[in-house]
Amino acid sequence: MQPTLIAVVGIVAVVLVAAFSGRLGLAAPLSLVVFGAALGFVPGVPHVELEPEWVLAGVLPPLLYSASVTMPAQDFRRNFKPITGLAVFLVLVTTLGAGWLFHALLPGLDLPTAFALGAVISPTDAVAATSVGRRLGLPGRLLTVLEGEGLVNDATSLTLLRSAVAATSSTVSLWGVGGSFLYSVAVAIAVGTGVGLLNVRVRSLLPDTVLNTAVSFVIPFVAYLPAEELHASGVLSVVVTGLITGHQSPRFLPAQDRISEATNWRTLAFLLESAIFLLMGLSLEPLLESVREDGLSVGRGVLIGLAASGLVILARIVFVAPLVAGLHQDARRAAKAEPEVNRLRKALHEVPELKDGHGGRRARWRARRITKAGADLDFRLTQTLGRRGGTVLAWAGMRGAVTLAAAQTLPADTPARPQLILVAFVVAVTTLLLQGLTLPTVIRLVKVPGDDPGRLREEYGRLLEELSQAAAAALDAAARSEDPPAPEVVDKVRSDSLLRAGLQRGAPLADGEDEWRQHRASRREQYRRLRLDVLAAEHDTLQAARSTGVYSSRVITRAQHAVDLEEARLQQLAEKAGEV
């Protein structure tokens, strides 16, 4: 079958299976794995093997970038403790526990190779869990923890895998592994930070949306390759680049570029994720054949894989319990600190200069610190995980295609290598299907409360009030300028601005409507420029709100999207009029 035909059939199959899964209420990755596994046994279907370098260096970087660029840096920072616990310490515990299990169940398997296989099966894949969680209304903090864990744990597991493989051919000390890990993390953060900051600044110079989006497609590899050449974690570098890009983009990139980029990246991520799960299922038949050709037992490999699946599931459950207890303790400490923080807040609001954004640099910095600390405290008090959320978090430990791809990187001379890869495949499929299919039931049984809609509405109303004040200030400044726009233009912009609920955009004008029609061309240009000035003021207000963390990321994202849509519309009007 020609490669072009294979690609066409694959994309059509992916879309059909995803659409069918949506109708059944299933996560698409689960259906794709099952469909691929069944398709692999159909006579005439070409054998497909997952090339590890193709997955780890070609597919994983753009997928991680796509996920990290949409994650608010504020949410990642506030959930750094649970994300680090799950993505670093749980991966380490799982690697050690699974390594000892494999060493005991597979005679002749040395400890370094056993730990290498343990590192292979330690990282989770959050795609299926988050797709189910969003559909069933899980709270935003729980989804952030799952997504953040999925972003970082690949870096931990691949670093441990590299160290374990190195130990198979040479002596590696525990201090050496620890030092290698710290070096890998430090260099990856440095490279990712540099690429992220350079990314938004260079792309802000490009005047064309298509060019801007095209450049964004190579950014994951620009972050990945230098870190790997420096023997650091390329995937962590990509994640850092994505977080910085997502945080800095509203400040540097035009709205039209960001909207176009987001749409294109969602499409690309969907195709890559779906293809990798489909190929994961298709790889089952050739994997079984390779195990038989080496004279190894398929049944034994499956049994060991099932035992390892039980271990990784149990390890996660045991680990999450004290993690959630620690978060509850953080909430209790926040409650104790609340009176003092509220006192500082009150003192801050009693200083007019600080409240209005004036005063010295040191005073403004102190005001921002107090505001940010108060917002973080409110977050810990109002957005707790609790036992119900902890139950879902403990059960959302599905593995994915990265586990199978990492297993393929085991050295070719590894004893019983096909059987070890089969063990990794069984762990990935067992956790994906068992936990993925039962996760909706678990969510319904424990009745995890979602985000409080009343609180979100109240936050959104307060933010709109701030935006309306910024818009009014911009209009007043324009009216007092040396070359003020026509009064009817100011009234029109005021009615169309993003104001608090109760005012409608595009309300018809009463006074001055005839004069507007008589000077339509000049008024339209004045309107466009003044409207952009108002949007710029609202944009600055959103940036300030994002930096202090007073509003939740969902509220900020919703308001930013509304402002971006209006800005993009005005940009398109300018382009149609022949302006640059």
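Source: prediction; values computed, not measured.

Draft legend 1. Highlighting the environment of A406. Counting through the fold element by element, A406 comes out in helix α19 (residues 401–407). In this structure A406 comes out as buried when scored by relative accessible area, which is 3%. The sequence separation of A406 and T391 amounts to 15 residues, and the corresponding C-alpha distance is 28 Å. Residue contacts for A406: discarding those within four places in its chain leaves L56, V120, L158 and L161.

Draft legend 2. Region of interest: helix α6 (residues 111–120). The element α6 is extensively covered by neighbouring structure, given that eight of its ten residues are classed as buried. Turning to α6, its buried residues are T113, A114, F115, A116, L117, G118, A119 and V120. Packed against the buried residues of α6 are α5 (80–105), α8 (140–167), α19 and α20 (417–446). Measuring from the side-chain oxygen of the N-cap residue of α6 to the backbone nitrogen of T113 gives 3.0 Å; that N-cap residue is D110.

Draft legend 3. Representation of the pattern of salt bridges. Summed over all chains, the structure comprises 14 salt bridges. Close ionic contact of D330 with K81 constitutes a salt bridge, the shortest N to O distance being 3.1 Å. Taken together, the residues span a long stretch of sequence, with D330 in helix α15 (residues 298–349) and K81 in helix α5 at a distance of 249 residues. On the basis of relative accessible area, D330 is assigned to the buried category, the value being 15%. Residue class for K81 comes out partly exposed when judged on its relative accessible area of 43%. Within the structure, one salt-bridge network assembled from shared partners comprises R77, R78 and D376.

Draft legend 4. Focus on the environment of G234. By the secondary structure assignment, G234 is in helix α12 (residues 234–252). For the pair formed by G234 and A331, sequence separation is 97 residues and the distance between their alpha carbons is 35 Å. The contact partners of G234, leaving out residues within four places of it in the chain, are A223, Y224, A227 and E228.

How each quantity is defined
- Residues numbered from 1 in each chain as written.
- Predicted model: local features only at pLDDT ≥ 70, side-chain atom pairs only at ≥ 80, totals over all residues.
- Heavy atoms only, no water.
- Helix = DSSP H or I, 4+ residues; strand = E, 2+ residues; numbered from the N terminus.
- Buried < 20%, exposed > 50% of the residue type's maximum accessible area, 1.4 Å probe, protein only.
- Contact = heavy atoms within 4.5 Å.
- Polar contact = N/O pair within 3.5 Å; in protein donor to acceptor, adjacent residues only side chain to side chain.
- Salt bridge = Lys/Arg side-chain N within 4 Å of Asp/Glu carboxyl O.

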